[in-house]
Each structure stands twice: as structure tokens, then as C-alpha cells.
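Listed below are the residues making up each chain.
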Amino acid sequence: MLKLNLIEGEIRFWLDELPDVSIKPDHYLEYHFTPAKRAPSALERRLAVELIRHTGPVIRYGLLAATYNPSQSDMLDVVIPVVDRPSPVKAGEFSRSFDEIYAGLLAEY
């Protein structure tokens, strides 16, 4: 994990490991693309970007993670797990015990 400290917060990058947040998706959105260029890779790769930003009394937090599974297809398939309602999770390193934290991506985003 690589951490960058900012004046108003910090950013963490995770490569080939993901933060410990798990959700049970209600359904999946699927997209299929034909990439302009294909980069050969036989390795599964994982990446996550985590951001916290202090803006006065409000703290904005976001986490986006992805897993790349190589295949022999000429298509790039993107599968996004979505939830109907975000699930509460317990406080972590960036949060306090009184913070309300939810995990899950709504389909509208």
C-alpha cells in the first residue's frame, strides 16, 4: 500500500491487495467493450484507491476497487457488483466509532 498525505486529507493506493471491505451484491451491471489495444497479461491484478478529504466539519471518503482477470477473448468484460441499499460497516482506520459508514455501490452511480 502506498499512502500520500495531502494538506486536507490523504490517498492510499493498494496494488494486488484490497482493503478489508466486503459486500453482498444484489445484482451486477455488465458492460462489454472491444479494446483498441490489447495488453497481454497472464496475471490477475487488483487495485484500489482510497481517499479521505477534510472539508470543514464534513469528511468525504471514497473507496474504489477492481480486479482484472485476464482471458483469451478479444472483448473486455466489465462486471460491477451493485447493491439496492448500502450496508453499514464498522469504523476503520480513517473513521471514528461514531461515524456512519456504508459499503456498496448503488446502480445510479
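To start, this report covers the structure provided alongside it. Keep in mind that this is a model prediction, so the values were computed, not measured.

Definitions and limits used
- Residues numbered from 1 in each chain as written.
- Predicted model: local features only at pLDDT ≥ 70, side-chain atom pairs only at ≥ 80, totals over all residues.
- Heavy atoms only, no water.
- Helix = DSSP H or I, 4+ residues; strand = E, 2+ residues; numbered from the N terminus.
- Buried < 20%, exposed > 50% of the residue type's maximum accessible area, 1.4 Å probe, protein only.
- Contact = heavy atoms within 4.5 Å.
- Pairing = 2+ DSSP bridges.
- Axes fitted to C-alpha atoms, helices over the stretch in contact; angles between N-to-C directions.
- Polar contact = N/O pair within 3.5 Å; in protein donor to acceptor, adjacent residues only side chain to side chain.
- Salt bridge = Lys/Arg side-chain N within 4 Å of Asp/Glu carboxyl O.
- Patch = residues over 30% accessible without salt bridge, like charges linked within 9 Å, V, L, I, M, F, W, Y side chains within 5 Å.
- Areas by Shrake-Rupley, 256 points an atom, 1.4 Å probe, with all protein chains shown as cover.

Remarks on the overall build of the protein chain
Now for step 1: Helix and strand counts for the protein chain stand at zero helices and eight strands.
Now for step 2: Counting from the amino terminus, the protein chain carries its helices and strands in the arrangement β-β-β-β-β-β-β-β.
Now for step 3: Classification of the 109 residues of the protein chain by burial places 14% in the buried group.
Now for step 4: Within the protein chain, contacts between residues at least 6 apart in sequence are counted, and of these 63% link residues at least 24 apart.

Overview of the sheet that holds strand E2 (residues 9-15)
Now for step 1: Strand order in the open sheet made by the four strands is E1-E2-E4-E5, with antiparallel pairing throughout. Every other strand in the sheet has two partners, leaving strand E1 (2-6) and strand E5 (58-68) as the edge strands with one partner each. Direction aside, the axes of adjacent strands within the sheet are offset by 10° on average.
Now for step 2: Note: E1 against E2, five bridges, orientation antiparallel.

Examining the pairing of E5
Now for step 1: Taken together, the eleven bridges between strand E4 (residues 45-55) and E5 define a ladder with antiparallel strand orientation. Paired with Arg 53 across the two strands is Arg 60, which belongs to E5.
Now for step 2: Counted along the chain from E4 to the antiparallel partner E5, the turn is two residues long, and its residue Gly 56 has a positive phi close to 70°.

Observations concerning the side chain of Arg 12
Now for step 1: As for its placement among the helices and strands, Arg 12 is situated in strand E2.
Now for step 2: Here the side chain of Arg 12 touches Glu 50 through a polar contact of 2.7 Å, side chain to side chain.

With respect to the pattern of salt bridges
Now for step 1: Summed over the entire model, instances satisfying the criterion amount to five salt bridges.
Now for step 2: Between Glu 50 and Arg 12 there is a salt bridge, with the nearest N and O atoms lying 2.7 Å from each other. Of this pair, Glu 50 sits in strand E4 while Arg 12 sits in strand E2, and the two are 38 residues apart along the sequence. Both residues of the pair, Glu 50 and Arg 12, belong to the buried class.
Now for step 3: Across the pair Arg 46 and Glu 44 runs a salt bridge, and its minimum N-O distance is 3.1 Å.
Now for step 4: For Arg 46, a relative accessible area of 32% gives the class partly exposed.
Now for step 5: Look at Glu 44 and you get partly exposed, because its relative accessible area is 40%.

Here's the deal with a nonpolar patch on the surface
Now for step 1: Together, Val 21, Ile 23, Tyr 61, Leu 63 and Val 89 make up an exposed nonpolar region whose accessible area comes to about 360 Å².
Now for step 2: Following the sequence through the fold, Tyr 61 ends up in strand E5.

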